[in-house]
Each structure stands twice: as structure tokens, then as C-alpha cells.
Amino acid sequence: MLNKVGMVSLGCSKNRVDSEQLLGMLTSCGFATVSDPSLADVIIVNTCGFIDAAKEDSIVNILEMAKFKENGNCKYLVVTGCLSQRYKEDLETELPEVDMFYGVSEYEELAKRLASLCGLDKNTINCGGRLLTTPNFRAYLRIADGCDNRCTYCAIPLIRGGRKSVPMENLIEEATRLAENGVTELTVIAQDTTSYGTDIYGESRICELLRELAKIAKLKWIRLLYTYPNTVDEKLIDTIVSEEKLLNYIDMPIQHIDSEMLKRMNRHGTREHIEDIVKYIRKAAPDFVLRTTAIVGFPGETNEQFDELVRFMEENPFDRLGAFTYSQEDGTPASEFDGQIDEDVKQSRYDRLYSMQQPISLEFNKKRVGSMGTVLVEMRDGDTLYCRSYAEAPEIDGFIVVNDAPEDINEGDYITVKLVEAKEYDMIGELA
């Protein structure tokens, strides 16, 4: 019997949820997970195909895992996820080392096939569970898949289709089950979280969902990521501020601020709305943390338009910033636009944007020095703790580092820390 499975999950947190659901199916019919790929009978690479760098990373990982067919126990190498969804036929030709390719909507079919091939009972597969790949005290709750926004640079609708919200009762049931199993921090995700429910309820139900999640007794922290700027409104901010468990943190990717760039990107909403909602957030809760994302080097972006983005970020600073250089994705409208920009220009603009953000990030952290608050212990290395407060989202923001910690503090504990030193992205804290 072949029953040991190893998983390499690449890309975003939404993809991670797919991996966890697939692992849940496989373990429900008798597979055991292993972290050492040399021990795995089956290795699954769940790929990302969002931008060129992610595609390259996926290919590197596939080839790396293929080595274990000769130098390990691997009998079946499986590729699934976004890259496989988009380029299955090409991959089948280019990667003969791979035994099977599956897309993003075929996880149950894949689980049943692997069970049959490996001598396990496919009829015992449970499609309703997840095997967490995060630490057991935190998890992502994906409230929808796919997207209807049709940004001209984005391949997500080509890969995952239009928005498909998960019914609210199912989400509450899943979140309750996660909390009963030890999860205390829940991060709410989707391609566009603020449009949650518009496809099944006829209107956004994100505020109602957040309030219902806050009623789950064993949850302590609930964080909202991937909001869409023009649907971030006063009602949403008021909901977050009014509920103790909803963290004063929001991720609102603006992508650009120049009106012509936003139009070419097919980004809905206006600069004026972004400015107004940022002002409202700052007024509603001075400690509110804002995170955003920007794309540089979009086709046709002039030096003046990039300068406008930089000025806006300087004059309306976000506490956290992620940036990407534009990636020319097959099948997207922007891939056919005139004015494609050289890679060295994209990189130069990317470097300049991050150089602009570094002092903003440092100043944000300096203002926190001397304050005390609750942090969650994410990792422990000897007597050093790597912690996060409400202001640090998992996997994308920095840490609060606490040295000389007592032995009785464990990963997943909530402790009180005084912040004593600021760095550009991390902070140093002391036990209070």
C-alpha cells in the first residue's frame, strides 16, 4: 500500500486553502502526510500561475520534486493548481516527469484517483474537511473564489472564473469547527472580500459575515485582507471598529492612483474615494493599520504617472506596502496593450517605491515604541519569540521579537509586550 503523501503548496493564501482541502480529502481515506519528500509515495505540487516569477518558481519546484522519483520513494508526481489549470497541455509536453496534471476545480477527482491507484478506499473521502498547513492556532477562511472585477492585467478570472461566494452558514460552520480545533486567529480572504455575497444574495454581506464570525466564542482575532477600494465604505470601517475581535487592520490594494492608469487597469472607483476613505479610517480609529499594494510598470505608465503614485504615497502614507512589477500575462487585455515597459525600468520604479516606503514604515514603528499591547507568539527559537500584534498580518508583515523569554511561553500564546525598539519592518519587545 502506498499511503504517504507530501505537499508543496505555492502562491497565495487562497491557494493554501485549496491545498488544505485536498489534504483533508486524502487523509480522510487513509493517506498520511510527510514533510520529508524523500519519504513520500505521492508528491503533489500545488502551483501558482499568477505572474511570471510565480510560474518560474512553480517549475523549479516541480523539477526539484521530480528528483525524488529516482532518489526517493515517489511513485506518483502530481501537479495541480493555477499553473496546471492554465497550461496543462504545454506542461504535459514539457514535463514528462509528471504523472498527472489537475486544475483548480478537480481536487475531489484527484483525491479519488490517487486513492484508487494507492490501494485505498475512495468511498471514504470526506470533502468537507481541511488539514491545516498553518500553525494550529491560526487559519485562513476563504469566503469566495474567483473574481468579477476583470482588471486588465489579471489572469484570475481566466483561471478560476467569476466570483463564487460560499454561503454564510457554511462559513460560520467552518469557522466554528476551526475554533473548536484550536484556531484563535482567523484571516478572512478572497480575491475580493468586500464583494462577498453579491452573487448569491444580490448585495455585499461582508459586514454581516464579520459580525457573525465575531460571535464565535473561541476566536480572539479576526483580520480582513484583499478588500477592493471602491467597496470599502464607512459601514465596513464602523463594523470593524465596533467589534472587539475584528482587528483594526485592513488590506486595501489600490494598484495605482493616476486616473488614466486606473482606467487602463479597469480598476473601479476613483482617487477621490481612496483619499476620502483613508481620511475616514484615520479619523475613525487613529491606531488603524492600513496596508496596500501597487503595480509599477503597467503598459503606458509614464514617468509623470509613476511620480504621481509616489507623491500620493508620500502624502497619504500607508503603514504597510506591497509592490509588484507588471507581468504580461497571456490572455489578459493588458498583454496586448501598446507601451509595454522595459524590465529595467519596471525594476527601477519598484526599487524607488520601496525606498520611499522604508522611512514611512520605520516612522510608523517608531511611533509605537513605548506602547504596550497583546501579541500572539507565532514562533519560538530557543529563548527568542517571534510575535505579531494586531498590526502584523501573518506571512506578509514583520515580527515583534522578544528575547530571553521564559520556557513556559509557547507558540500560540497571547502575551503582553512593551515595544522598546523600532526597525524598518520588525520591532523589538520586552515582556511586560
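Above this text is the structure in question.
Note that this is a predicted model, so its numbers are computed, not measured.

Conventions used here
Residues numbered from 1 in each chain as written. Predicted model: local features only at pLDDT ≥ 70, side-chain atom pairs only at ≥ 80, totals over all residues. Heavy atoms only, no water. Pairing = 2+ DSSP bridges. Helix = DSSP H or I, 4+ residues; strand = E, 2+ residues; numbered from the N terminus. Axes fitted to C-alpha atoms, helices over the stretch in contact; angles between N-to-C directions. Core = buried A, V, L, I, M, F, W, Y, C linked by side-chain atoms within 4.5 Å. Buried < 20%, exposed > 50% of the residue type's maximum accessible area, 1.4 Å probe, protein only. Contact = heavy atoms within 4.5 Å. Salt bridge = Lys/Arg side-chain N within 4 Å of Asp/Glu carboxyl O.

> Would you mind going over the sheet that holds strand β15 (residues 384–388) in detail, with residue names and values included?
In space, the five strands of this closed barrel follow the order β14-β15-β16-β18-β17, with mixed pairing throughout. On average, each strand axis in the sheet is inclined to that of its neighbour by 50 degrees, with strand direction left out of account.

> Describe the nonpolar core, and please don't skip the residues or the numbers.
Formed by 53 residues in total, the largest nonpolar core has its most connected members in I250 and L353. Leave out the neighbours within four places in its chain, and L353 touches A294, V296, F306, V310, M313, L321 and A323. M25, L26, C82 and A111 belong to the second-largest nonpolar core, a separate cluster that totals 25 residues.

> Which residues make up the pattern of salt bridges, and what are the values?
Enumeration over the complete set of coordinates arrives at 34 salt bridges. The residue R130 makes a salt bridge to E174 at a minimum N-O spacing of 2.7 Å. Here R130 is found in the loop between α4 (107–117) and β6 (138–142), whereas its partner E174 is found in helix α6 (residues 168–180), with 44 residues between them in sequence. The same class applies to R130 and to E174, which are both buried. Here K218 and E180 are joined by a salt bridge, their closest N and O atoms 3.2 Å apart. With K218 in the loop between α8 (206–213) and β10 (221–224) and E180 in helix α6, this pair connects stretches of sequence that are 38 residues apart. Within the structure, one salt-bridge network assembled from shared partners comprises R16, R138, E185, R223, E378, R388 and E395.

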